[in-house]
Amino acid sequence: MKAGFTLIEMIAVLILVSILVSSATLSFVPMAEALTQVRSNTRAMQKSRLAMGRLTREFTTITNVASGNAHTLNYFFMNPLGLVQYRTLSWGGSAGDPLLLNGNELTDDVADFRLQYIDYDFGADTWRTNATWASGSVCEYIEIVLQSAETGDRFTNIVAPRNYLFQRRDTP
């Protein structure tokens, strides 16, 4: 009698090994897809956080405003050297349009971007939100809303321009 495996035994082993390999491969595919999704979401969140951080720093040092609406703000700000510079922040208004600061892309992952200008109405004794900001008007706070196109996450921040040259109304 010869020692060794029969053809049927070899085929059975090959079938069992191929079943094990295919099931192991199928279990790794969802993990690889999840890893890709996590990396993509992390990049999108990082873009949004960086843009929001930059806007917060910029808006904190606003010294004067030329004009503003829900998607655009033309303003002067004080750089770290103490020099006043003119800036324009703008968004086209459609999902996928980049958010631009002086024509340079701040982030390209924008589904929604809005600015709202908050001031105190002493006559009505209440805070009010405005969609526009005209030169000469008083604005106590700027609300920034940035929504990521990729993840759908919404970032909101309220900034008080601390170097604003217009005199604030502390009393009626």
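A. The overall build of the chain, seen in detail. A tally of regular secondary structure across the chain gives one helix and 10 strands. Sequence-ordered secondary structure for the chain, helices as α and strands as β, is α-β-β-β-β-β-β-β-β-β-β. A compact globule built from 172 residues would reach a C-alpha radius of gyration of about 16 Å, whereas the chain, at 28 Å, exceeds it by more than 25%. When its C-alpha atoms are laid out on the principal axes, the chain stretches across 110 × 40 × 25 Å.

B. Spatial organisation of the packing of aromatic side chains. Inspection of the entire model under this criterion finds three aromatic pairs. On the numbers, 5.6 Å between centres and 90° between planes, the contact of Phe59 with Tyr75 is edge-to-face. Taken as a pair, Phe59 in helix H1 (residues 7–60) and Tyr75 in strand E2 (residues 72–78) lie far apart in primary sequence, 16 residues in all. Phe59 gets classed as buried once you look at its relative accessible area, which sits at 0%. Between the aromatic rings of Phe76 and Tyr86, the centroid separation amounts to 5.0 Å while the plane-to-plane angle is 65°, which identifies the pairing as edge-to-face. Linking Phe76 in strand E2 with Tyr86 in strand E3 (residues 84–91), this pair joins segments that are 10 residues apart in sequence.

C. Quick peek at the nonpolar core. With 25 residues, the main nonpolar core has Phe59, Leu73, Phe113 and Ile142 as its most contacted residues. For this core, the secondary-structure elements that each account for two or more residues are H1, strand E1 (62–68), E2, E3, strand E4 (99–101), strand E6 (112–121), strand E9 (141–147) and strand E10 (154–159). When residues in this core are grouped by element, the largest group, five residues, is from H1. Beyond its immediate stretch of four places on either side in the chain, Phe113 contacts Leu55, Ala70, His71, Leu89, Trp91, Leu99, Ile144, Val145 and Leu146.

D. A look at H1. For H1, with 54 residues, the first-to-last C-alpha span of 79 Å sits near the 80 Å given by 1.5 Å per residue. Along H1, the positions that sit buried rather than exposed are Ser40, Ala44, Met45, Ser48, Ala51, Met52, Leu55, Glu58, Phe59 and Thr60.

E. Spatial organisation of the side chain of Asp112. For Asp112, the position within the fold is in strand E6. Residue classification places Asp112 among the buried positions, given a relative accessible area of 16%. Only 3.4 Å separates the side chain of Asp112 from the side chain of Arg154, close enough to count as a polar contact. Apart from residues no more than four positions distant in its own chain, Asp112 is found in contact with Trp91, Val145, Leu146, Gln147 and Arg154.

F. Summary view of unusual backbone geometry. For Asn102, which is not glycine, the phi torsion reads 55° and is therefore positive. Relative to the helices and strands, Asn102 resides in the loop between E4 and strand E5 (104–107). Its relative accessible area of 35% is what places Asn102 among the partly exposed residues.

Rules and cut-offs
- Residues numbered from 1 in each chain as written.
- Predicted model: local features only at pLDDT ≥ 70, side-chain atom pairs only at ≥ 80, totals over all residues.
- Heavy atoms only, no water.
- Helix = DSSP H or I, 4+ residues; strand = E, 2+ residues; numbered from the N terminus.
- Rg over C-alpha atoms; globule rule 2.2 N^0.38 Å.
- Phe/Tyr/Trp six-rings, centres within 6.5 Å; stacked < 30°, edge-to-face > 60°.
- Buried < 20%, exposed > 50% of the residue type's maximum accessible area, 1.4 Å probe, protein only.
- Core = buried A, V, L, I, M, F, W, Y, C linked by side-chain atoms within 4.5 Å.
- Contact = heavy atoms within 4.5 Å.
- Expected span 1.5 Å × (residues − 1).
- Polar contact = N/O pair within 3.5 Å; in protein donor to acceptor, adjacent residues only side chain to side chain.

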